[in-house]
Amino acid sequence: MRTTLTVVMASVFSSLAFSQVGINTTSPLASLDVVAGKTDGSTAEGILPPRLTGEQLKAADSHYTAEHAGIMVYVTSPVNTPSAKTGNMTSPGMYYFDGNVWTKTMQGDGRNFQTQSAGDIKNSMLAVDHGGWFMLDGRPIDNLPDAAKATAAQLGFSGNIPDATDRVLKTRNGAEIPGSTGGNNYVKIDQVNLPNVNLAGTITGIAQSAGSHTHTAAEGTFLLAGTTVNNNGAGGYQQDPNSTAWGGIGMLANTAPSGAHIHSVTGTATVPTGGGGKSKDNRSAYLVVNTFIYLGE
């Protein structure tokens, strides 16, 4: 009781003398200056704000208006069914009222003064869950801590959290559901996707011939019947005066020339590309990181 009165009286006199309030000091440096009572470690020092559950704060929603911006409380447990003002109360911690909603102070890495909200995404070189951030590895939601499990349900996840393994992040289009996956890292080119060009290469098969030409005997000469060509002119053997000695048979080394024509051929012609039918990886050069989602502590 004596301690309480001493503190109160010191505050009153300090306020009257300096228009400032000092606790454990007669020379306050601000509107409210609280100085540790002891520095030898024999007592617990600090300022203890009001402690309420998320449900208790939600029950008082109507009492918090724009003029209460800046109020701070410590939330001991997250709200079960959030209201418009308590939607950020997903885990225990210090919260301040900004005039519209309660926001957790110094979430995530306190060194950069950035706050985090449920559902935020980040990339990191870290390989494990940390500070309310959970790796998007497709794990069952039932394996998460209770607070993170409740947040995952609020975000609309069921069964498992999304799996970001080997995927890039894509902005929602139309009716797409956040957290859904799609696409493929590999593409396969069909013939219709190839440019319309002629490939140069070696072919196999029987070639086509055309034009006026003669044929040469494979061995010796061609025997011709009923002709005076290359005989004695009378259809007989040249050294025999008898015109019937050879019965009008002569010889030629080549066939007679023929007119322009086309030979009918059969066979195949191929131009190999040397390809192996492998699917094409459509990813650009990349840096490997892990992807995390903030579900609270």
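Residues numbered from 1 in each chain as written. Predicted model: local features only at pLDDT ≥ 70, side-chain atom pairs only at ≥ 80, totals over all residues. Heavy atoms only, no water.

Position of Thr-90 relative to the elements: it lies in the loop between β4 (72-75) and β5 (93-97). A relative accessible area of 6% places Thr-90 in the buried class. Beyond its immediate chain neighbours, meaning those up to four positions away, Thr-90 contacts Pro-78, Tyr-95, Ala-118, Ala-147, Thr-151, Gln-154 and Gly-296. (Helix = DSSP H or I, 4+ residues; strand = E, 2+ residues; numbered from the N terminus. Buried < 20%, exposed > 50% of the residue type's maximum accessible area, 1.4 Å probe, protein only. Contact = heavy atoms within 4.5 Å.)

Another aspect to go through is the sheet that holds strand β6 (residues 102-104). Here we have four strands laid out as an open sheet, ordered β3-β4-β5-β6, and mixed in their pairing. Strands at the two margins of the open sheet, each flanked by one partner only, are β3 (51-52) and β6. One ladder, built from four bridges, connects β4 with β5; its direction is antiparallel. The residue bridging Val-73 from the neighbouring strand is Tyr-95, located in β5. (Pairing = 2+ DSSP bridges.)

The strands making up a sheet associate through backbone hydrogen bonding, with each pair oriented either parallel or antiparallel. The three strands lie next to each other as β7-β13-β8, forming an open sheet whose pairing is antiparallel. Edge positions in the sheet fall to β7 (121-124) and β8 (133-135), since each of these pairs with one other strand and no more. On average, each strand axis in the sheet is inclined to that of its neighbour by 40°, with strand direction left out of account. In the sheet, β7 pairs with strand β13 (residues 290-294) via four bridges, with the strands oriented antiparallel. (Axes fitted to C-alpha atoms, helices over the stretch in contact; angles between N-to-C directions.)

Okay, the pairing of β4 next. Side chains Val-73 and Val-75 project from β4 onto a buried face, and the interleaved Met-72 and Tyr-74 project onto a face without burial. Relative to β4, β3 runs parallel, the two being bridged by two bridges. Bridged to Arg-51 within β4 is Tyr-74. Viewed along the sheet, the connection from β3 through helix α2 (residues 54-59) into β4 turns out right-handed. (Right-handed = clockwise from strand over helix to strand, strands pointing away.)

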